[in-house]
Amino acid sequence: MRAEEKYRKERWPLSDKTRKLFTPTSLLLSIFLSSTPLLSQQGETFKRLGKAGFTFLKISPSARAAGMGDAFTAIADDATAIFFNPAGLTNIDRLEYSLGITNWIIDSQLMSAAVALPLGRGTVGVSAVSFAPPGFEETTVTEPEGTGRTVHVGDIAVGLAYGLRLTDRLSFGSRIQYVEENIDRDQASSWVVDFSTYYRTGFRNGVIAMAMKNFGPDVKYLAEKFKTPLYFNINLALDVLGSDGAPLHLLGSLESAFATDYRDRYHAGAELWLFNLIALRGGYKFNYDTEDFTAGFGLKMDLEGRKLAVDISYSNFSKYFQPPLRLSLSGSF
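Residues numbered from 1 in each chain as written. Predicted model: local features only at pLDDT ≥ 70, side-chain atom pairs only at ≥ 80, totals over all residues. Heavy atoms only, no water.

A.B. asks: When you look at the overall build of the protein in this model, what are you seeing that I'm missing?
C.D. replies: Along its length, the protein carries five helices and 18 strands. The 333 residues of the protein split such that 43% are buried. Of the contacts formed within the protein by residues at least 6 apart in sequence, a portion of 51% connects residues at least 24 apart. Roughly 17700 Å² of accessible area belongs to the protein as shown, and the carbon and sulfur atoms make up 63% of that amount. (Helix = DSSP H or I, 4+ residues; strand = E, 2+ residues; numbered from the N terminus. Buried < 20%, exposed > 50% of the residue type's maximum accessible area, 1.4 Å probe, protein only. Contact = heavy atoms within 4.5 Å. Areas by Shrake-Rupley, 256 points an atom, 1.4 Å probe, with all protein chains shown as cover.)

A.B. asks: Explanation requested: the nonpolar core in the structure shown.
C.D. replies: Burial of nonpolar side chains together is a common tendency in soluble globular proteins. Ranked by internal contacts, the top residues of the largest apolar core, which has 39 residues, are F54, F56, F72, L89 and V179. Of all elements in the fold, only helix 5 (81-84), strand 2 (109-119), strand 3 (122-132), strand 6 (153-165), strand 8 (186-200), strand 9 (207-215) and strand 10 (219-221) reach the threshold of two or more residues within this core. With four residues, the single largest contributor to this core is helix 5. Ignoring anything within four residues of it in the chain, the contact list for F56 reads L110, V129, F131, D155, I156, A157 and V179. (Core = buried A, V, L, I, M, F, W, Y, C linked by side-chain atoms within 4.5 Å.)

A.B. asks: Looking at this model, I keep getting lost on the environment of Y199. Mind explaining?
C.D. replies: Tracing the backbone shows Y199 in strand 8. Under the relative-accessibility criterion, Y199 is labelled buried at 9%. Considering only alpha carbons, one finds Y199 and D168, 31 residues apart in sequence, at a separation of 9.2 Å.

A.B. asks: Honestly, the pairing of strand 16 (residues 293-303) in this entry has me stumped. Any pointers?
C.D. replies: Looking at chain direction, strand 15 (residues 278-286) and strand 16 are connected through seven bridges and run antiparallel. When the bridges of strand 16 are listed, I278 appears paired with L299. Direction of pairing for strand 16 relative to strand 17 (residues 306-315): antiparallel, over a ladder of 10 bridges. Bridging across to strand 17, L299 finds its partner in V310. Remark: two residues form the turn of the hairpin made by strand 16 and strand 17, two consecutive strands paired antiparallel; E304 in that turn has positive phi of roughly 55 degrees. (Pairing = 2+ DSSP bridges.)

A.B. asks: Before we go on, may I ask you to explain the side chain of K213 in this structure?
C.D. replies: Summarising the element assignment, K213 is placed in strand 9. No salt bridge is formed by the buried K213. Its closest oppositely charged neighbour is E255, at 5.9 Å. (Lys, Arg positive; Asp, Glu negative; His and termini not counted. Salt bridge = Lys/Arg side-chain N within 4 Å of Asp/Glu carboxyl O.)

A.B. asks: What is the right way to read the side chain of R281 from this model?
C.D. replies: Relative to the assigned elements, R281 resides in strand 15. A polar contact is formed between the side chain of R281 and the side chain of E271, at a distance of 2.5 Å. Only 2.9 Å separates the side chain of R281 from the side chain of D311, close enough to count as a polar contact. Leaving out residues up to four positions away in the same chain, R281 has contacts with R64, G67, M68, A270, E271, W273, T294, A295, G296, F297, G298 and D311. (Polar contact = N/O pair within 3.5 Å; in protein donor to acceptor, adjacent residues only side chain to side chain.)

A.B. asks: Where do I start with a nonpolar patch on the surface in this structure?
C.D. replies: A contiguous nonpolar patch, built from L99, L280, F297, V310, I312, L327 and L329 and spanning about 540 Å² of accessible area, is present on the exposed surface. The set of elements that each furnish at least two residues to the nonpolar patch consists of strand 17 and strand 18 (325-332). For V310, the location among the structural elements is in strand 17. Classification of V310 by relative accessible area gives partly exposed; the value is 32%. (Patch = residues over 30% accessible without salt bridge, like charges linked within 9 Å, V, L, I, M, F, W, Y side chains within 5 Å.)

A.B. asks: Mind showing me how you'd approach the environment of R175 here?
C.D. replies: With respect to the helices and strands, the residue R175 is situated in strand 7 (residues 170-183). For the pair R175 and V193, spaced 18 residues apart in the sequence, the C-alpha separation amounts to 5.6 Å. Not counting chain neighbours up to four residues away, the residues in contact with R175 comprise I82, F83, P86, S127, G159, L160, A161, V192, V193 and D194. Side chain to side chain, R175 and Q177 meet in a polar contact 3.4 Å long.

A.B. asks: What should I look at first to understand the pairing of strand 15 in this one?
C.D. replies: Two faces make up the sheet, and in a regular strand the side chains alternate between them. Burial along strand 15 is one-sided: the residues A279, R281, G283 and K285 are buried and none of I278, L280, G282, Y284 and F286 is. One ladder, built from nine bridges, connects strand 14 (residues 265-274) with strand 15; its direction is antiparallel. Within strand 15, the residue paired with Y266 across the bridge is F286. Following strand 14, the chain reverses through three residues before pairing antiparallel with strand 15; F275 in that reversal takes a positive phi of roughly 55 degrees.

A.B. asks: How should the pattern of salt bridges be read in this particular structure?
C.D. replies: As a working rule, side chains carrying opposite charge can pair if their charged atoms are close by. If you walk through the whole model with that rule in mind, you get 13 salt bridges. In this structure, the salt-bridge partner of D93 is R94, at a minimum N-O distance of 3.7 Å. Since its relative accessible area comes to 59%, D93 is described here as exposed. Under the relative-accessibility criterion, R94 is labelled partly exposed at 31%. Across the salt bridge formed by D184 and R185, the nearest N and O atoms sit 3.8 Å from each other.

A.B. asks: What's the story with unusual backbone geometry in this structure? I'm lost.
C.D. replies: It is generally the case that most residues other than glycine have a negative phi and that most peptide bonds are trans. Backbone geometry places F54, a non-glycine residue, at a positive phi of 50 degrees. As for its placement among the helices and strands, F54 is situated in the loop between helix 3 (24-44) and helix 4 (63-67). For F54, a relative accessible area of 1% gives the class buried. The phi angle at N276 is positive, at roughly 55 degrees, despite the residue not being glycine. In this fold, N276 is placed in the loop between strand 14 and strand 15.

Here it is in structure tokens:
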């Protein structure tokens, strides 16, 4: 043992106290703090608008997440983790489900569903998303007043996810999705993949999470090609006051979001639980053209050991659009 200790100190000439600082937590925080200013400077010069398709994948399907300004990658710990961070599925200990509806801009709707089931050290989940703008009447050069035929457009995404607990603190997750977009008689489709991690720091129930979402090949629509809406999120969340299940529990969250089709963005959110029954949420989204502050409300009940939660959220938009409203229903069996 003494020889091993001597070798360790010669190889790593640091004190035990200093060595403890070089943990996965400090490493991840260093990456976050060092990369954020650099990416911010790159994003200040221009916006990469119009570089990606399948943009409905960027709409938050969860009322709870939207109420917290989408600072949710490190908080997702139920079936909705499929959409934000598949590694968070490892927090589930029974069959869970989530249903959501979003009244999006210009009378369009986003509907979502997710189911997750733990299997040993891992958790498997399936998800489905449907986005449907309203139909409109076809017009032509010869019939500018309309032909009487309705043009329909819409998008769907169906995914399979798996989260694996690697250690008591670290989890890894992935999801693969089939994505399809229909515009009248024309169609574009592709496969996209998500990769994510979920690390429990041990300090105030803090979690550091990272996710790369919508990674996939370029997609061809008619004669043009477009990219998938690739996102890279880094999120830190921890208990500011109290802890889970306490009469008063305040959870805070800060997240950076880097996209291929925009400049860098930042999310901040908070969730206040009262008696583990009622939740009040608020958030702010930075560097967005249309969105800024968000608010939400949640109600959680325990029905003979089965969880049931109802969440609603409000997202403030600019003067050009009506604020989207979301409603989510989730629970367990």
